[in-house]
Amino acid sequence: MRMVVLVSGRGSNLQAILDAIEDGRLAAEVAAVISDVPDAYALKRAERAGVPTYCIEKRDYSSRADFETALADCAEGARPDLIVLAGFMRVLGEAFLDRFPGKVINIHPSLLPSFRGLEAQRQALEAGVRYAGCTVHFVDLGVDSGLIIDQRVVRVLPGDDVETLSARILEQEHDLLVDAIRRFGAGLV
């Protein structure tokens, strides 16, 4: 299975994918990594693994549709079976999603449908929930509103702050994302 991974930041979920491929836990290939941020550390991770990298910045395009078309063109060039949003911090619209129906998934740090969008961990803490977690879901035109593939639960501990809760959720994200990709490739999703 060929994947394109879209990133905007550190790339720890990308690294989890690359590690799972390297040690035989995931029968897949990362065909390309695309970022919208030129200095995203995830690009360095991909380069170290020998994966082709690309940067497509929104500011280089006059409209959202033009940006998404360029992003889709780049992704399509890698002939992906699956597109994984792993810390990609943009909402994608029709110009991108229509090109890859049923083939775009995202990892989100909450138990959707609760706490969509940015700062999900902060939202969870402010709501006073006892359990948080992460979700892998298909991407649709809404914000973190697509069909849920799987979730992992993380207990909120007394004294948790955004950083401590985020760190525990991120550990679960790594395993959950790799497992969801494996199941997608096996036709189980």
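Refer to the structure printed above.
Reading the values: the criteria
- Residues numbered from 1 in each chain as written.
- Predicted model: local features only at pLDDT ≥ 70, side-chain atom pairs only at ≥ 80, totals over all residues.
- Heavy atoms only, no water.
- Helix = DSSP H or I, 4+ residues; strand = E, 2+ residues; numbered from the N terminus.
- Rg over C-alpha atoms; globule rule 2.2 N^0.38 Å.
- 1 Å grid on protein atoms, 1.4 Å probe; cavity = no way out; pocket = protein on both sides within 12 Å on 5 of 7 lines; lining within 4 Å.
- Points joined across faces, edges and corners; volume = space filled by probe spheres on them.
- Nonpolar A, V, L, I, M, F, W, Y, C, P; charged D, E, K, R; others polar.
- Contact = heavy atoms within 4.5 Å.
- Phe/Tyr/Trp six-rings, centres within 6.5 Å; stacked < 30°, edge-to-face > 60°.
- Buried < 20%, exposed > 50% of the residue type's maximum accessible area, 1.4 Å probe, protein only.
- Lys NZ or Arg CZ within 6 Å of the ring centre and 35° of its normal.
- Pairing = 2+ DSSP bridges.
- Salt bridge = Lys/Arg side-chain N within 4 Å of Asp/Glu carboxyl O.
- Axes fitted to C-alpha atoms, helices over the stretch in contact; angles between N-to-C directions.

A. Spotlight on the overall build of the chain. Along the chain, the regular secondary structure elements total 6 helices and 7 strands. Listing every helix and strand of the chain by position from the N terminus yields β-α-β-α-β-α-β-α-β-α-β-β-α. Computed over its C-alpha atoms, the radius of gyration of the chain comes to 16 Å, within 12% of the 16 Å expected for a compact globule of 189 residues. When the backbone C-alpha atoms are referred to their principal axes, the chain occupies close to 45 × 40 × 30 Å.

B. Examining the layout of surface pockets more closely. Taken as a whole, the largest pocket spans an internal volume of roughly 880 Å³. Lining the largest pocket are 35 residues, with G87, F88, M89, I107 and P109 positioned closest to its centre. Of all the secondary structure elements, the ones that give two or more residues to the lining of the largest pocket are α1 (12-22), β5 (104-108), α5 (120-127) and α6 (162-185). In terms of residues, the lining of the largest pocket owes the most to one element, α6, which gives 4 residues. Counted by class, the lining of the largest pocket contains 16 nonpolar, 13 polar and 6 charged residues.

C. Here's a closer look at the environment of V129. Residue position: V129 is located in the loop between α5 and β6 (131-138). The contacts of V129, once residues within four sequence positions are left out, are F115, A124 and V156.

D. Fine view of the packing of aromatic side chains. Counting across every chain of the model gives 3 aromatic pairs. Centroid distance F96 to F100: 5.1 Å. Interplanar angle 40 degrees. Geometry classified as tilted. Here F100 falls in the buried class, since its relative accessible area comes to 6%. Across from the ring centre of F67, 5.4 Å away, lies the NZ or CZ of R90, which sits over that ring.

E. Summary view of the pairing of strand β4 (residues 82-85). Burial of the side chains of β4 extends over both faces: L82 and V84 are buried on one face and I83 and L85 on the other. Pairing analysis gives 4 bridges linking strand β1 (residues 2-7) to β4, with the strands arranged parallel. Bridging from a neighbouring strand, V5 pairs with V84 of β4.

F. Region of interest: the pattern of salt bridges. Applying the stated criterion across every chain, the model contains 12 salt bridges. Between D36 and R90 there is a salt bridge, and its shortest N-O distance comes to 2.9 Å. Of this pair, D36 sits in the loop between β2 (29-35) and α2 (41-48) while R90 sits in the loop between β4 and α4 (94-97), and the two are 54 residues apart along the sequence. Of the charged contacts, one joins D160 and R168 as a salt bridge, the two residues approaching to 2.6 Å between their closest N and O atoms. Look at R168 and you get partly exposed, because its relative accessible area is 22%. Taken together, the salt bridges that share partners define one network made up of D150, D179, R182 and R183.

G. Spatial organisation of the sheet that holds strand β7 (residues 148-155). Overall, mixed pairing links the 7 strands, which are arranged β3-β2-β1-β4-β5-β6-β7 in an open sheet. Looking at the sheet topology across the chains shown, the edges are occupied by β3 (53-55) and β7. Strand-to-strand twist of the sheet, defined as the mean angle between neighbouring strand axes without regard to direction, takes the value 20 degrees. Looking at chain direction, β6 and β7 are connected through 7 bridges and run antiparallel.

H. Representation of unusual backbone geometry in the model. Each neighbour pair has its own omega, and for L112 with P113 the value is 15 degrees, a cis peptide bond. Located in the positive-phi region is E119, a residue other than glycine, with phi close to 55 degrees. Looking at the secondary structure, you find E119 in the loop between β5 and α5. One non-glycine residue, D144, lies in the positive phi region at around 50 degrees.

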